[in-house]
Amino acid sequence: MDLFSYNLEEKTAHEAPLADRIRPLTLEEFVGQNKVLGEGKLLRRAIKADRLSSIILYGPPGIGKTTIAKIIASNTQKEFHQLNAVISGVKDLRDLIEKAQEIRSQYNRGSVLFIDEIHRFNKNQQDALLPYVEDGTVILIGATTENPYFSVNNALLSRSQVFKLEELTRSEMEKLLNRALEDKEKGLGNYQVEIDDKAISHFIDSANGDIRVALNALELAVMTTLPNENGVRTINLEVAEDSIQEKAVYYDKDGDNHYDVISAFIKSLRGSDPDAGLYWLARMLYAGEDPLFVCRRLLIFASEDVGNADPQALQVALSVYQAVERLGLPEGKITLAQGVTYLASAPKSNSSYIGVLKAQKEVESGIGTKSQVPNHLKDAHYQGAKELGHGRDYKYPHHYPENFISQTYLPEEIKDKVFYEPTLNGKEAQIKERLQRLFLKRGDFDG
């Protein structure tokens, strides 16, 4: 008996959680994922025709990845095997491959291998699997909550079709909860349940897109609520809140969603939306993000996206870092909130950042590395330097009005290059006006 059979058959309906008991076993019962499993879609056609090639199912928890694998198991004529990457090692994989090879040799029958949480397989484990996917010993179905383009090696990806699955909609989750309440064979249909719409909404909102969390909370609510004199169990908002006290936040600090949330955070600040900035900050802190990681991103943001439009922004970000370092949480969130709202509300400019990228590109082109330092800029302090012409004709700016004198500071080959182009935002407008006035004759700034 393989692992998949054990998971499916050995647990009785009574022992298994509600989410497992009512799991759909056919495509017709499946709810959601119409983009990949709707009528006429490739994956649906392949499952029905039992002509599946290797696939990777990618998406957040509780949206149907394992259910799709089990539907494939019930539709295929091939031998079906399952491994969980969290608890399985190379030996488990090799034992299963040997079994697949034996079935192929003796019965001319192919095998399908479902690996749950395939991103947990390290490089060696993934490499050990690759030859058997290549030669057709197994058809791979990998399920992952992490972006497979980051977590699955390129060789496996190139031999697999990636299907990105979406979070279930509210209406889809509500449909599944109501199905569970009505199902007398596998669900809660043998109980007389009256449930408040607010309770249903709370299960959906608190589950954060994970239908398993919502279903198991519903089961807990029903099973722990005493019936009234008429045998009716009433599930109101208070009971729902008591049954799912903490939200199932989908946020792995080492995973793909971590980068999505911090990306949303930075883009909100860049877009000058302090409300969104505070929301994503709260989301990260709620999920247990390191507050100093957020502080480091604020430091980068202050220079990359605010820059000289508000030079004070960098000092604010640095002060926030130092304060949070000393305060810790929960008090540090007050300081973080001040920094987030300041940076989001500040005028924006990435001119200095763009400038250094332009200069770096110039250097990397080869011209910049070959260009000589102009003689008048060379060090003239050591013995013999003046005889070599070092420092000759250099004009000391502090000897001139406004501490400025026009002279060339770039190598001759690129003397007319412009890297820093200030915007008209905030303090940078004043910088632009001064540089226009000082360098007017060079025409470096066109207004």
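What comes next is a walk through the structure. (Residues numbered from 1 in each chain as written. Predicted model: local features only at pLDDT ≥ 70, side-chain atom pairs only at ≥ 80, totals over all residues. Heavy atoms only, no water.)

When you tally the buried positions in strand β3 (residues 111–116), you get 6 out of 6 residues, the bulk of the element. Of the two faces of β3, both are covered, the one formed by Ser111, Leu113 and Ile115 as well as the one formed by Val112, Phe114 and Asp116. Bridge count between strand β2 (residues 79–84) and β3: 6 bridges; the pairing is parallel. Note that in β3 the partner of Asn84 across the bridge is Asp116. Between the parallel elements β2 and β3, the chain passes through helix α6 (residues 90–107) in a crossover that is right-handed. Relative to strand β4 (residues 138–144), β3 is paired through 6 bridges, and the arrangement is parallel. Looking at the pairing, Leu113 lines up with Leu140 of β4. Note on the crossover from β3 through helix α7 (residues 123–134) to β4: the handedness is right-handed. (Buried < 20%, exposed > 50% of the residue type's maximum accessible area, 1.4 Å probe, protein only. Helix = DSSP H or I, 4+ residues; strand = E, 2+ residues; numbered from the N terminus. Pairing = 2+ DSSP bridges. Right-handed = clockwise from strand over helix to strand, strands pointing away.)

Turning our attention to the packing of helix α10 (residues 170–182) against helix α11 (residues 197–207). At a minimum axis separation of 10 Å, α10 and α11 run at an interaxial angle of 120°. On the basis of the axis angle, α10 is oblique to α11. At the point where α10 passes α11, the crossing takes the right-handed sense. For the pair formed by α10 and α11, the contact residues are Arg170, Met173, Glu174, Leu177 and Asn178 on the first element and Ile200, Ser201, Phe203, Ile204, Asp205 and Ala207 on the second. Taken together, the residues that form the contact of α10 with α11 break down as 6 nonpolar, 2 polar and 3 charged. (Axes fitted to C-alpha atoms, helices over the stretch in contact; angles between N-to-C directions. Parallel < 35°, antiparallel > 145°, perpendicular 65-115°, else oblique. Left-handed = near helix turned anticlockwise from the far one by under 90°. Contact = heavy atoms within 4.5 Å. Nonpolar A, V, L, I, M, F, W, Y, C, P; charged D, E, K, R; others polar.)

Just distances and angles here, no functional claims.
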